Amino acid sequence: MGLTSRVVDPNSAADHLLDLSAFGTPDHQKEPALRAAVVEELRFHYEHSPIYRRFCDQRGFNPEDVISRLDQIPALPVQAFKELGFKLGAVTDGEIHVRLESSATTGTPSTVLLDRLTARRQARALGKVMSAVLGGQRRHFWVFDAPPGANVGSLGARTAATRGFLSVASSAEYLLDASPDGSLSLPFERIEQAAARANAAGLPVCVFGFTYLLYADVVKPLQDLNRSVRLPLGSKVIHIGGWKKLTNLGLSVERFSQSLAAIFGINPNDVVDLYGFTEQIGLVYPTCAAGFKHVPAYSEIVIRNALTMEPVPDGTDGVMEFVTPIPHSYPGVAVVTDDRGRVLGRGLCECGWHGTRFEVLGRLEGAEPRGCGDVIADRGATPRSRPASGRGRQIRLIYDGGERHESSVPVESLERIATDLRTAQRHLSSLPVDDIISLIGNAAERWESRDHPLAHLRQHGLSFMASWCKPDRLRRMADASFGGSRAVLDGFRPDPVVPRREIKAVPRGIVAHWLAGNAPTLGMLSVLGSLLSKNASLVKVPSGLPAVLPILLDDLAHVTAVSRGGREIMGGDLAKAISVVEFGREHHEAAARLSELADVRVAWGGADAVRAIMELPRRYGTEDVIFGPKLSLMVIGRDALLDPASVSKLARQAALDCSSFEQYACSSPHTIFVEHGGAAASPRDFAIHLSEAMSATLKRLPKADINGSMVGRIQSARMKHIASGEVFGPQGLEWSVLYDERLELAEPVYYRTVFVRAVADVMEIPRLLSSTNQTVGLALPGARRHAFLDAAAAAGVERFPTVGHMTDYDAPWDGHWPLARMVRFVSAGAPA
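1. Points about the sheet that holds strand β26 (residues 600-604)
Phase 1 of the analysis: Pairing in this open sheet of seven strands is mixed, and the strands run β18-β17-β25-β22-β21-β26-β27 from one edge to the other. If you trace the sheet from one side to the other, it starts and ends with β18 (403-410) and β27 (623-627), each paired once. Shown here is a sheet whose adjacent strand axes are inclined to one another by a mean of 20°, direction ignored.
Phase 2 of the analysis: Strand direction decides the pairing type here: strand β17 (residues 394-400) and strand β25 (residues 578-582), joined by three bridges, are antiparallel. Its bridge partner lying in β25, Tyr 399 is registered against Val 580.
Phase 3 of the analysis: Sheet strands in contact with helix α11 (residues 413-429) are β17, β18, β21 (510-514), β22 (536-541) and β25, and its direction is about 145° off that of β22.

2. As for the pattern of salt bridges
Phase 1 of the analysis: This structure, assessed with the given rule, holds 55 salt bridges.
Phase 2 of the analysis: The partner of Arg 422 in a salt bridge is Asp 599, and the shortest N-O contact between them spans 3.0 Å. Separated by 177 residues along the polypeptide, Arg 422 in helix α11 and Asp 599 in the loop between α18 (588-597) and β26 bring together distant segments of the chain.
Phase 3 of the analysis: Judged by its relative accessible area of 29%, Arg 422 is partly exposed.
Phase 4 of the analysis: Given the relative accessible area of 12%, Asp 599 is considered buried.
Phase 5 of the analysis: Between Arg 611 and Asp 608 there is a salt bridge, and its shortest N-O distance comes to 2.9 Å. Taken together, the positions of Arg 611 and Asp 608, both in helix α19 (residues 607-614) and three residues apart, correspond to about one turn of that helix.
Phase 6 of the analysis: The class for Asp 608 is exposed, based on a relative accessible area of 61%.
Phase 7 of the analysis: Taken together, the salt bridges that share partners define one network made up of Asp 15, Asp 19, Glu 41, Arg 120, Arg 121 and Arg 124.

3. What to know about the sheet that holds strand β33 (residues 773-779)
Phase 1 of the analysis: Taken in spatial order, the six strands make up an open sheet running β30-β31-β32-β29-β28-β33, and their pairing is mixed. Unpaired on one side and paired on the other, β30 (726-728) and β33 mark the two borders of the sheet. Averaged over all pairs of adjacent strands, the angle between their axes in this sheet comes to 20°, without regard to strand direction.
Phase 2 of the analysis: In this sheet, β33 lies alongside strand β28 (residues 631-636) in parallel orientation, the contact comprising five bridges. Pairing of Met 634 across the sheet is with Gly 777, part of β33.
Phase 3 of the analysis: Strands β28, β29 (669-675), β30, β31 (736-740) and β32 (753-759) of the sheet are contacted by helix α21 (residues 683-700), whose axis makes an angle of about 175° with β31.

4. Overview of the side chain of Arg 304
Phase 1 of the analysis: Looking at the element boundaries, Arg 304 is found in strand β13 (residues 300-304).
Phase 2 of the analysis: Residue Arg 304 is classed as buried on the basis of its relative accessible area of 4%.
Phase 3 of the analysis: Among the polar contacts made by the side chain of Arg 304, one reaches the main-chain carbonyl oxygen of Met 309 at a distance of 2.8 Å.

5. Brief notes about the environment of Arg 784
Phase 1 of the analysis: Looking at the secondary structure, you find Arg 784 in helix α23 (residues 784-795).
Phase 2 of the analysis: Between the C-alpha atom of Arg 784 and that of Thr 159, which follows or precedes it by 625 residues, the distance is 61 Å.
Phase 3 of the analysis: Apart from the residues within four sequence positions on either side, Arg 784 is in contact with Arg 638, Asp 639, Glu 675, Asp 761, Val 762 and Met 763.

6. What about the pairing of β21?
Phase 1 of the analysis: Burial within β21 is extensive, with five of its five residues counted as buried.
Phase 2 of the analysis: Residues Ile 510, Ala 512 and Trp 514 line one face of β21 and the alternating positions Val 511 and His 513 line the opposite face, and both faces are buried.
Phase 3 of the analysis: As paired elements, β21 and β22 share five bridges and run parallel to each other. Counterpart to Trp 514 in the pairing with β22 is Lys 540.
Phase 4 of the analysis: Pairing between β21 and β26: four bridges, direction parallel. Paired with Trp 514 across the strands is Ala 603, a residue of β26.

7. Things to note about unusual backbone geometry
Phase 1 of the analysis: The backbone of Met 309 sits at a positive phi, close to 65°, despite the residue not being glycine.
Phase 2 of the analysis: Topologically, Met 309 is positioned in the loop between β13 and β14 (318-323).
Phase 3 of the analysis: In this model, Arg 752 sits at a positive phi of 65°, which is unusual for a non-glycine residue.

8. Here's the deal with the nonpolar core
Phase 1 of the analysis: Ranked by size, the top nonpolar core spans 131 residues in total, and within it Trp 142, Phe 144, Phe 264 and Tyr 298 carry the most contacts.
Phase 2 of the analysis: Once residues lying within four places of it in the same chain are set aside, the contact partners of Phe 144 are Leu 175, Leu 176, Leu 186, Ile 191, Val 207, Phe 208, Gly 209, Leu 213, Leu 214, Val 218 and Phe 264.
Phase 3 of the analysis: Counting 91 residues, the second-largest nonpolar core is a separate cluster that includes Leu 428, Val 527, Ile 578 and Tyr 809.

9. A closer look at the environment of Ile 714
Phase 1 of the analysis: With respect to the element layout, Ile 714 can be found in helix α22 (residues 708-724).
Phase 2 of the analysis: Residue Ile 714 is classed as buried on the basis of its relative accessible area of 1%.
Phase 3 of the analysis: The sequence separation of Ile 714 and Ser 736 amounts to 22 residues, and the corresponding C-alpha distance is 8.1 Å.
Phase 4 of the analysis: Ignoring anything within four residues of it in the chain, the contact list for Ile 714 reads Ile 706, Leu 733, Ser 736, Val 749, Tyr 751 and Thr 753.

10. A word on the packing of helix α12 (residues 433-447) against helix α14 (residues 471-481)
Phase 1 of the analysis: Following both chains from N to C, one finds α12 and α14 inclined at 140°, their axes separated by 9 Å at the closest point. Classed by the angle they form, the pair α12 and α14 counts as oblique. With respect to the hand of their crossing, α12 and α14 are arranged in right-handed fashion. On the side of α12, the interface is formed by Asp 434, Ile 437, Ile 440 and Gly 441, while α14 contributes Pro 471, Leu 474 and Arg 475.

11. Some thoughts on the pairing of β31
Phase 1 of the analysis: Among the five residues that make up β31, five are buried, leaving the element largely enclosed by the rest of the structure.
Phase 2 of the analysis: Side chains Ser 736, Leu 738 and Asp 740 project from β31 onto one buried face, and the interleaved Val 737 and Tyr 739 project onto a second face that is buried too.
Phase 3 of the analysis: Of the pairings in the sheet, the one linking β30 to β31 comprises three bridges and is antiparallel in character. Bridge assignment links Glu 726 to a residue of β31, and that residue is Tyr 739.

12. Considering the confidence of the model for the chain
Segments scoring low in pLDDT should not have their predicted coordinates read at a detailed level.
Phase 1 of the analysis: Mean pLDDT over the chain: 87, with 91% of residues reaching 70 or higher.
Phase 2 of the analysis: Contacts for the low-pLDDT stretch residues 1-8, under 50 throughout, to residues beyond four places or in other chains number 19 contacts.

13. Some thoughts on the packing of helix α3 (residues 50-58) against α22
Phase 1 of the analysis: The N-to-C vectors of α3 and α22 enclose an angle of 110°; their axes lie 9 Å apart at closest approach. It follows from the interaxial angle that α3 and α22 lie roughly perpendicular. For the pair α3 and α22, contact is made by Ile 51, Arg 54, Phe 55 and Gln 58 and by Met 719, Ile 722 and Ala 723, respectively.
Phase 2 of the analysis: Broken down by class, the residue content of the contact of α3 with α22 amounts to five nonpolar, one polar and one charged.

Analysis parameters
- Position numbers for residues count from 1 along each chain, tracking the sequence in the order it is written.
- Thresholds applied to this predicted model are a pLDDT of at least 70 for local features of residues and 80 or more for the giving and counting of side-chain atom pairs; totals over whole chains, interfaces and linings are not thresholded and use all residues.
- Neither water nor hydrogens contribute to the side-chain values; these are computed over all heavy atoms in the structure.
- Being paired, for any two strands, means DSSP has found at least two bridges between them.
- A run of DSSP states H or I qualifies as a helix once it reaches four residues; a run of E qualifies as a strand once it reaches two. Both are numbered from the N-terminal end.
- The angle between two axes is taken between their N-to-C directions and runs from 0 to 180 degrees, where each axis is a line fitted to C-alpha atoms and a helix contributes only its stretch in contact.
- Contacts are assigned to residue pairs with any non-hydrogen atoms lying within 4.5 Å of each other.
- Take a side-chain nitrogen of Lys or Arg and a carboxyl oxygen of Asp or Glu: if they are within 4 Å of each other, that pair is a salt bridge.
- Exposure is judged per residue with a 1.4 Å probe applied to protein chains only, and the accessible area is read against the type maximum: over 50% gives exposed, under 20% gives buried, and values in between give partly exposed.
- Polar contacts here mean pairs of N or O atoms no more than 3.5 Å apart (in protein, one a potential hydrogen donor and the other a potential acceptor; neighbouring residues in sequence count only if both atoms are side-chain atoms).
- The set of buried Ala, Val, Leu, Ile, Met, Phe, Trp, Tyr and Cys residues whose side-chain atoms join them within 4.5 Å is what this entry labels a nonpolar core.
- Note on terminology: angles under 35 degrees are roughly parallel, angles over 145 are roughly antiparallel, angles of 65 to 115 are roughly perpendicular, and the others are oblique.
- Crossings are assigned a handedness: left-handed for a near helix turned anticlockwise from the far helix by less than a right angle, right-handed for a clockwise turn.
- Every residue is assigned a pLDDT by the predictor, reflecting its confidence on a scale from 0 to 100.
- In this count, Pro and Cys sit with the nonpolar residues alongside Ala, Val, Leu, Ile, Met, Phe, Trp and Tyr, while Asp, Glu, Lys and Arg are called charged and the others, Gly among them, polar.

In structure tokens:
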């Protein structure tokens, strides 16, 4: 890479490997040479990198054991180099020649520490790969980037990569201008002059640039000007970099290659897309003439399942990992990227190259985790096609009049929908509350059926909802919500407190529900609460929400029950009092109309979403019921850890709380504080018991897949704890128990990622709490219990359930009785 280097051990397995041809080495020759070099470097990193040694030890890996397959080696995630890059050296600080940072446009950049030996290996590997791409001929390079500034001690990855490629050039010139603000511009006259010189000499050139820069600063401007240049025969265009921005623009690899070929007057086959990444800089994976990405002799690719991290068969999509002995100064021997891909073939390719062939499918994608109410109910549920919300004055009608709909209607239809709902609500208010409870209970029996269309959601909210809808439970909840007797919903009843006075609960009318994304089952609980209080519901779901709610409402519409008087009652009478509409958050007119039609507004979601709903216009007297963003935790006192049986039971109960709803419920624990001094278990012992219980709970509540954005979050959290604490968990990302001794609430990661933190005295915890903490699962027997309850309640906490019952939806919830907020209490008579 243009850097001087110390003398290399001529017996190094890595240097023997680099003597091989990049793409001319058959697999049977490559495999033993690569494995010997990788094992050599693996053992060096294990001995000289304390963090990597801890990483291997916590996985039970001993590098002295026989390694028969490269996928057996513990692979660091790329997040390790974002969180701990400056600490991941395997050589002394004096040997570090360059501290290289990736040019991340968002998030935290990766850092790798390079010594001269690593730089020399990188240069050799890159030179051999590029020689194969360019046909062994050094060429004049056109670099479409700004000329590098004086930046020696801390190189950006883009600058360093360019310098590496220029080591195989005969000469080079930079062809973009940089403005003081950092923007780039294209001097077309200079390009025409360079093309004229190249054609006059008759020597092919190599155009080099980073993918998005080539598009934004070269291809697009020249296309807009309808300009092009013609390069000498045999010229090539080589580009490297992420495709995310171009994919977002709807630009495919093929179209981009054709555009580049047209701009420079070359064959599209002479446009070569390279794949590479900072954490193993110097290794690149070119596209061959047959259209495949190729692995050179100096590395190998492993495709892993994103959740379990187990290797998958060739042809199967997964997360890409690359194994190479090139890095010596840092433990980059095996790195799991955050890119998806699949192996397409091995051995000799039709292009004439040897080596594994693969395809890059893009980066792991996924919505960022949200807060309260984000039940993972879209795993396996089939989403509807995502409509263009907010376009014109249309909204989407999903459910109305007891039937499913899939139609766009004018936003003015909300008034008609509200009129029909008020008619249905008047009939609903005439039904005895026990008849409503019977119908809901019969629908719940359908939801418990093993052959139900949504049976795959039983472990992600459906089973809990069915249990919540048991008639006995609904009757108890209604009684508690209405002053001891649900009968006040059916008519005036004697006031139990004030003599000679009667009380009646009068439904407010229409309850408008704003549901959070990915929360259809929780949304159904909200709707059922409205039915129990004899209100109609107008439900707004976000665009693209899986079609779960209409299926549940269909069940409700088709059940029947028999009243105490022997009369048949119909679920359709309840379903007609519910309408569901869909529109995007940018559809301000629809949101305002919905708000103005509501007698009660129920809002689920994060702080920004709830704030936006509260700022909508509303009629005077409209009641607001808010289920905003909250976080929860667990506290285990030393007196709860008195004997082994109690510890095991408590760990099982805690694991259930940490696994339900994948921790997306606002009542899910993220931090578990465990007090020192337990007779049967220390806080660390409890973390180990919890890890065993999490593994057992996974069998009861299996995970089907993983959200793409969660892979990086979990890997980052694990890597931080490799350096500062301990990690208990499988190789995969199914669950994680992260142990340390910090007296602070952990930033939630979600997806069964639990922080166990040792404390000297649980009475120190209330000072960490506030009204943003909804639930504390409490295991604190003895005299200190009420002192803790009083202090934590004063700080703002609203629920203190027994460990194992944190996610049981009950009342009061968020500090109030939601059903009581949906009625007006009317009195008649006068006290004696």
